[in-house]
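Residues per chain are reported as follows:
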Amino acid sequence: MVRERVSDNVYVFTSELYAQVNAGAIVGPDWSVVVDTLAYPEETNEIRDFLENRLESPVRYVINTHHHADHTLGTCWFSDAIVISHSLCRQLLETKGREALREAKRLNRELWDVHVISPDIIFSEGGISLKVGKRTLKLVHLPGHSEDGIGVLLVEDRVLFSGDIMMPLPYIVDGDFDVMIESLKRIPQMPLENLVQGHGEVILRGEVGSVVQDNLDYLATIRRHVKKAARRRDPEGYLAKIDVESCGKSRILLNGLAEDLHMRNLYALLDRMQ
Ligand SMILES: [Zn+2]
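Let me sum up the structure you'll find in this document. (Residues numbered from 1 in each chain as written. Predicted model: local features only at pLDDT ≥ 70, side-chain atom pairs only at ≥ 80, totals over all residues. Heavy atoms only, no water.)

A closer look at the coordination of the zinc ion
Octahedral metal centres with six donors ideally show angles of 90 or 180 degrees, and tetrahedral centres with four donors ideally show 109.5 degrees.
Working step 1: Coordination of the zinc ion by the protein involves H66 (NE2), H68 (ND1), H145 (NE2) and D164 (OD), with metal-donor separations of 2.2 Å.
Working step 2: Given the relative accessible area of 1%, H66 is considered buried. (Donors = N, O, S within 2.8 Å, 3.2 Å for Na, K, Ca; no water. Buried < 20%, exposed > 50% of the residue type's maximum accessible area, 1.4 Å probe, protein only.)

Observations regarding unusual backbone geometry
Working step 1: At N9, a residue that is not glycine, the phi angle is positive and equals roughly 60°.
Working step 2: For N9, the location among the structural elements is in the loop between β1 (2–7) and β2 (10–14).
Working step 3: At L254, a residue that is not glycine, the phi angle is positive and equals roughly 55°.
Working step 4: Within the secondary structure, L254 is located in helix α7 (residues 253–256).
Working step 5: L254 gets classed as buried once you look at its relative accessible area, which sits at 2%. (Helix = DSSP H or I, 4+ residues; strand = E, 2+ residues; numbered from the N terminus.)

Observations regarding the state of the cysteines
Working step 1: Taken as a whole, this structure holds 0 disulfides when the rule is applied.
Working step 2: In this structure C89 is not part of a disulfide, and its nearest cysteine sulfur, from C76, lies 14 Å away. (Disulfide = S-S within 2.5 Å.)

A word on the pattern of salt bridges
Working step 1: Applying the stated rule across the entire model yields 11 salt bridges.
Working step 2: For R251, the salt bridge goes to E259, with nearest N and O atoms at 3.2 Å.
Working step 3: The class for R251 is partly exposed, based on a relative accessible area of 38%.
Working step 4: Connected through salt bridges with shared partners, the residues D243, E245, R251 and E259 form a single ionic network. (Salt bridge = Lys/Arg side-chain N within 4 Å of Asp/Glu carboxyl O.)

What to know about the environment of N9
Working step 1: Classification of N9 as partly exposed rests on a relative accessible area of 37%.
Working step 2: Setting aside residues up to four positions removed in sequence, N9 forms contacts with A25, I26, V27 and R135. (Contact = heavy atoms within 4.5 Å.)

Details of the side chain of Q197
Working step 1: Counting through the fold element by element, Q197 comes out in strand β12 (residues 194–197).
Working step 2: At 2.9 Å, the side chain of Q197 and the backbone oxygen of E201 are in polar contact.
Working step 3: Once you skip the residues sitting within four places of it in the chain, Q197 turns out to touch N22, S162, G163, M166, M167, P168 and I203. (Polar contact = N/O pair within 3.5 Å; in protein donor to acceptor, adjacent residues only side chain to side chain.)

Dropping the structure here:
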């Protein structure tokens with residue numbers, strides 16, 4: 001796990017074990033808020049150790065940006081914390097989340113002690129705010145990668161933890177293509193110093209616009225290819241030749257998962273168009 005400080009008492013923790021997942025922490029005067037967790041127990045326990053033992057700041061809240069296992073499985077290691085999410089995230093954790101974990105446990109011994117935690121505080125319409133000392137955390141719905149996606153905006157510091165609506169490569173298989181575009185377009189309108197994506201590097205103020213545009217361009221490119229494919233006799237065969245690089249993204253992104261995620265994007269989009 002790599003730790004980075006992005007603002008006063010604001011940290012980002014990036015997984016070295018799985019797809020550069022990011023978790024974050026806002027350290028207040030008496031307690032901390034954690035935004036997402038890392039999937040492998042050893043990495044989330046490193047986060048907890050840093051906050052609770054080194055900074056002596058107990059974790060009072062854990063925010064789940066969405067239900068996907070790579071972000072939520074570590075929640076169970078903060079047993080005293082109150083968990084906050086979108087209402088759909090709780091629904092999805094209790095159904096798909098439990099199912100996915102059962103499957104993951106069969107394949108991975110390291111997850112045997114992990115269990116799914118149902119969020120305690122949920123919201124649906126609008127958003128909610130949380131005060132951490134003098135700071136304001138605004139939780140806003142940012143769907144598209146998944147319907148339950150939220151972002152956490154640190155208003156005074158101008159830091160956005162976006163969840164997976166922003167990743168080095170957009171992933172739409174569990175989400176909605178048009179909704180993702182709408183959510184992405186909202187991000188450059190926020191006044192930001194730092195954008196902490198769900199995976200990969202932290203984006204600095206001057207780069208936010210171009211990085212978001214790069215993802216919008218990727219989405220437009222794959223839509224063009226899938227439309228073309230849908231008119232062919234062998235659409236799958238056509239799409240198999242459209243690699244991630246030809247759509248403007250590097251194959252080394254996300255620890256090399258990029259090509260695989262890209263192909264799944266193409267086939268998911270084709271499914272929906274047909
Ligand atoms: Zn996700």
